[in-house]
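A look at the structure
Okay, here's what each chain looks like letter by letter:
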Amino acid sequence: MDLEKGPREEPGGEGRLAVALRVPVRIVVLVLVVPVRMVWDALVVAGRFLGDRMFRPVGRALLWVGRAVLVWPFVALWRWVLVPLWRWVLVPLGVALRWLGTVLVVVPAAALYRWVLTPLGHAAVWFCARVLTPLGRGLFVVPAVWLYRWVLTPVGHALLWCGRGLAWLGSLLVTGIGAALYWTVRVLVVLPVYAVWRRLLAPVGRALAVVAREVGAAFGHAWRIAGYISLAVGRALAAFFRWTLVKPARWVYRTVLTPVGHAVRDAVLRPVAEAARSVGRVTRDALRSVRVTARQVRRDVRRALGMPAGPAGIGTREKRPAGR
């Protein structure tokens, strides 16, 4: 892998600094990033396994339980209780209340408005237009107009002229003070700050920007290389476990355990099963012979005592043992 691969810088201080920092920074970052990337890949694999094998089935089960506990009862309550209650109880009750409110409130209020309040309002309007308006005009409007025209207007013009003069004087003072403050701040603050920025902070900032860019590029490059390394290590570990555990276990199962199992089945289990079946058949035949003998003895005893032996053939019919 080429650690020098990257955008070519123009000749100058910044390019030389980038070239000088690139290789050591990438080596250091690669050493630091490889363990992090391997741990990250292991966590990703474990997270995918847990998500597929545990979290997703548990989530589906919780979703079904949530539907059964929360959704379906509310749906049943809405469908079989609230909707019928609204349709057959609340809607007729609302219609009845609306009719009752119309009869008891709306109709009396409309009559009161039409036959009482409207005539009173018309009378009040006529009184204001015919009596109060001429009286107010004679007592207040004419003196107010005279006071505005002959007193307030001249005083206002005088105050306006004085205010303009004061505003011009204030603007002149503010302009002079502002100019003095501007040049003072420019000489004492702006020019020194600009000099510090141009001579010190800008070069340092450019150098830090180059360092940050190289460190970021080194992290990206190292992350990609660490991914390849992690993939190779994962494949190597998988091959190691396959050759050290899986294939030997498979070989032992196929070569040793399977023939041993077949031999045990053929040499032990099948003969034991056949012997058990034979013993069962012999036992059943012996029990059947004992029952037949007991029935014959009981019948002979009944005959000897002079007791009826019962219908012929009852209890004496033997069942033929089933053949194999």
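Nothing here was measured: the structure is a model prediction, and the numbers come from that model.

What follows covers the overall build of the protein chain. The secondary structure content of the protein chain amounts to 1 helix and 0 strands. Expressed as a percentage of its 324 residues, the buried residues of the protein chain come to 6%. Contacts in the protein chain between residues far apart in sequence, at least 24 positions, make up 65% of those at least 6 positions apart. Within the structure as shown, the protein chain displays about 27,000 Å² of accessible surface, and the carbon and sulfur contribution to it stands at 73%.

A cluster of basic residues, Arg242, Lys247, Arg250 and Arg254, forms a positive patch at the surface. Note that Arg250 resides in helix H1 (residues 13-304).

So, about the environment of Leu32. The topology assignment puts Leu32 in helix H1. Each C-alpha atom, one on Leu32 and one on Phe219, is 9.4 Å from the other, the two residues being 187 residues apart in sequence.

With that settled, consider the confidence of the model for the protein chain. In this model, the protein chain carries a mean pLDDT of 81, and residues with pLDDT of at least 70 account for 88%. Overall, residues 312-324 carries pLDDT values under 50, and its contacts beyond four positions in sequence, including any with other chains, amount to 8 contacts.

Core analysis: the biggest nonpolar cluster contains 9 residues, these being Val25, Val29, Leu30, Val33, Val34, Ala218, Ala222, Ile225 and Ala226. Excluding its chain neighbours within four sequence positions, the residues that come into contact with Val34 are Ala226 and Ile229.

Attention now goes to the packing of aromatic side chains. One pass over the full model with this rule turns up 3 aromatic pairs. Both rings, one in Tyr182 and one in Trp183, keep their centres 5.4 Å apart while their planes meet at 75 degrees; by these two values the pair is edge-to-face. Cation over ring: Lys247 sits above Trp243, and NZ or CZ is 5.0 Å from the ring centre.

Turning our attention to the side chain of Ser230. Along the chain, Ser230 turns up in helix H1. Excluding residues within four positions of it along the chain, Ser230 makes contact with Arg37, Met38 and Asp41.

Counted by the stated rule, this structure contains 6 salt bridges. The closest approach of N and O atoms between Asp52 and Arg56, which form a salt bridge, is 3.5 Å. Here Asp52 and its partner Arg56 are both found in helix H1, 4 residues apart, which amounts to about one turn of the helix. Accessibility expressed as a relative area gives 44% for Asp52, which makes it partly exposed. In this structure, Glu274 engages Arg277 in a salt bridge whose closest nitrogen and oxygen atoms are separated by 2.3 Å. Of this pair, Glu274 and Arg277 both sit in helix H1, separated by 3 residues, roughly a single helical turn. Look at Arg277 and you get partly exposed, because its relative accessible area is 42%. Through salt bridges with shared partners, a single network forms among Arg265, Asp266 and Arg270.

What counts and what doesn't
Residues numbered from 1 in each chain as written. Predicted model: local features only at pLDDT ≥ 70, side-chain atom pairs only at ≥ 80, totals over all residues. Heavy atoms only, no water. Helix = DSSP H or I, 4+ residues; strand = E, 2+ residues; numbered from the N terminus. Buried < 20%, exposed > 50% of the residue type's maximum accessible area, 1.4 Å probe, protein only. Contact = heavy atoms within 4.5 Å. Areas by Shrake-Rupley, 256 points an atom, 1.4 Å probe, with all protein chains shown as cover. Patch = residues over 30% accessible without salt bridge, like charges linked within 9 Å, V, L, I, M, F, W, Y side chains within 5 Å. Salt bridge = Lys/Arg side-chain N within 4 Å of Asp/Glu carboxyl O. Lys, Arg positive; Asp, Glu negative; His and termini not counted. Charge placed at Lys NZ, Arg CZ, Asp CG, Glu CD. pLDDT = per-residue confidence, 0-100. Core = buried A, V, L, I, M, F, W, Y, C linked by side-chain atoms within 4.5 Å. Phe/Tyr/Trp six-rings, centres within 6.5 Å; stacked < 30°, edge-to-face > 60°. Lys NZ or Arg CZ within 6 Å of the ring centre and 35° of its normal.

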